[in-house]
Amino acid sequence: MARATWLLLIHQIPAKPDYLRVKVGRRLQQVGAVAVKSSVYALPNNARSREHFEWILREVIDARGEAVLCTVDLLDGLSDEDLATLFREARTKDYEALSEDIGRALAALEAEPTAMAGLGATLLRLEKRLISIRAIDHFDAPGHGDALSLLSDLRQRISGARRGSGSTSNALGRPTGATWVTRPGVEEDRIASAWLIRRFIDPTARFRFAPEGSTVAAGEIRFDMFDAEYTHEGDRCTFEVLLERFGLIDPALSAIAEIVHEIDLRDEKFGRTETSGVERLIRGIVLVEPDDGPRISVGGKLFDCLYAALGGTA
């Protein structure tokens, strides 16, 4: 038997407590559900959608409400394409609202190019919004490309303004087939940085592992070691430095940078919910793989999956 196309959550919320209706409504919005009728919400039938709806159903029932979760193939008076259109329209509105907010940030920077206060934090919030919208964009709604392009423009202008004020280094040209040198015993920042290098900077990169203070050959590039070309700067980890120095504009990469930062520096700066899980997986890789080459190889698969989960498409 063919699998049903849609999940429907039908619920009735009690009059009290007052906040429950708002809470459930916000949660339905966060998971990207669309209203078919009053108190009837739909999501595509997949494991992630079912998990979202089961959590909401449990909340409603725990508050003495009523809720039913069911699968359906066809909706009377509403075709599959009609429902898909409702999803696209909802996400298009989200993308348009995001693009408007990005436009306001660009206008503020245009009006005062040196007015950097708060814009870095604004950029991070906008990138997180794009990742969140993309995660619930089940039918490739129009607007994602426009929002991504505007975000890239904003990041480039912010980076340009910072360089103009002397607060960052100039971006370097991307090497090809270089040997990248780092310390042996790679862990979170170096595993992630090696993935970033090979995936987005130098696809034919080779890696060599050498103790601190070792002699490097002409043309070799050091990362995450003392006096390296690419290493920690201020409170930024090596992954963050590589991202900025090579001008890599991608909300999914920015999200990974926040996760790697929190694992490496342990400061909970960004409050990423994924940090502890990714850290646990990297600890497992380090325990299972004693050699650096396999650690980078297995870690690369982990970051490929994380990048895809965060909405990356490159």
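Quick caveat, the model's predicted, so the values are computed rather than measured.

## Structural notes on the nonpolar core
And then number 1: Judged by nonpolar contacts, the single largest core of 41 residues is most densely connected at Trp180, Trp195, Leu196, Phe239, Ile256 and Phe303.
And then number 2: Put simply, the parts of the chain that give this core at least two residues each are helix H6 (188-201), helix H7 (238-245), helix H8 (251-265), helix H9 (275-288) and helix H10 (292-309).
And then number 3: In terms of nonpolar packing, the next biggest core, distinct from the first, is built from 22 residues, Leu9, Phe53, Val72 and Leu83 among them.

## A few points about the sheet that holds strand E4 (residues 66-72)
And then number 1: Strand order in this open sheet of four strands is E2-E3-E1-E4, and the pairing throughout is antiparallel. In this open sheet, the two strands that pair with only one neighbour each are strand E2 (34-37) and E4. Each neighbouring strand pair of the sheet contributes to a mean axis angle of 30 degrees, computed without reference to strand direction.
And then number 2: Two elements, strand E1 (residues 6-12) and E4, share seven bridges in a ladder whose sense is antiparallel. Of the residues in E4, the one forming a bridge with His11 is Ala67.

## Points about the sheet that holds strand E5 (residues 179-182)
And then number 1: Strand order in this open sheet of three strands is E6-E5-E7, and the pairing throughout is parallel. Because the sheet does not close on itself, it has two edges, and the strands there are strand E6 (206-209) and strand E7 (221-222).
And then number 2: Across four bridges, E5 lies against E6 in parallel orientation. Its bridge partner lying in E6, Thr179 is registered against Arg206.
And then number 3: Those strands touched by H6 are E5 and E6, and its axis lies near 155 degrees from that of E6.

## Quick word on the pattern of salt bridges
Pairing is possible between side chains that carry opposite charge, provided their charged atoms lie close to one another.
And then number 1: This model, assessed by the stated rule, comprises 23 salt bridges.
And then number 2: Across the pair Arg199 and Asp304 runs a salt bridge whose closest N-O atoms are separated by 2.7 Å. Remark: Asp304 occurs in helix H10 and Arg199 occurs in helix H6; sequence separation between them is 105 residues.
And then number 3: Judged by relative accessible area, Arg199 falls into the partly exposed class, the value being 31%.
And then number 4: A salt bridge links Arg236 to Glu244, with the nearest nitrogen and oxygen atoms 2.4 Å apart.
And then number 5: By relative accessible area, Glu244 is classed as partly exposed at 21%.
And then number 6: Ionic contacts of the salt-bridge type, sharing partners, join the residues Arg183, Arg190, Glu212 and Asp224 into one network.

What counts, and at which threshold
Residues numbered from 1 in each chain as written. Predicted model: local features only at pLDDT ≥ 70, side-chain atom pairs only at ≥ 80, totals over all residues. Heavy atoms only, no water. Core = buried A, V, L, I, M, F, W, Y, C linked by side-chain atoms within 4.5 Å. Buried < 20%, exposed > 50% of the residue type's maximum accessible area, 1.4 Å probe, protein only. Helix = DSSP H or I, 4+ residues; strand = E, 2+ residues; numbered from the N terminus. Pairing = 2+ DSSP bridges. Axes fitted to C-alpha atoms, helices over the stretch in contact; angles between N-to-C directions. Contact = heavy atoms within 4.5 Å. Salt bridge = Lys/Arg side-chain N within 4 Å of Asp/Glu carboxyl O.

By themselves these figures say nothing about function.
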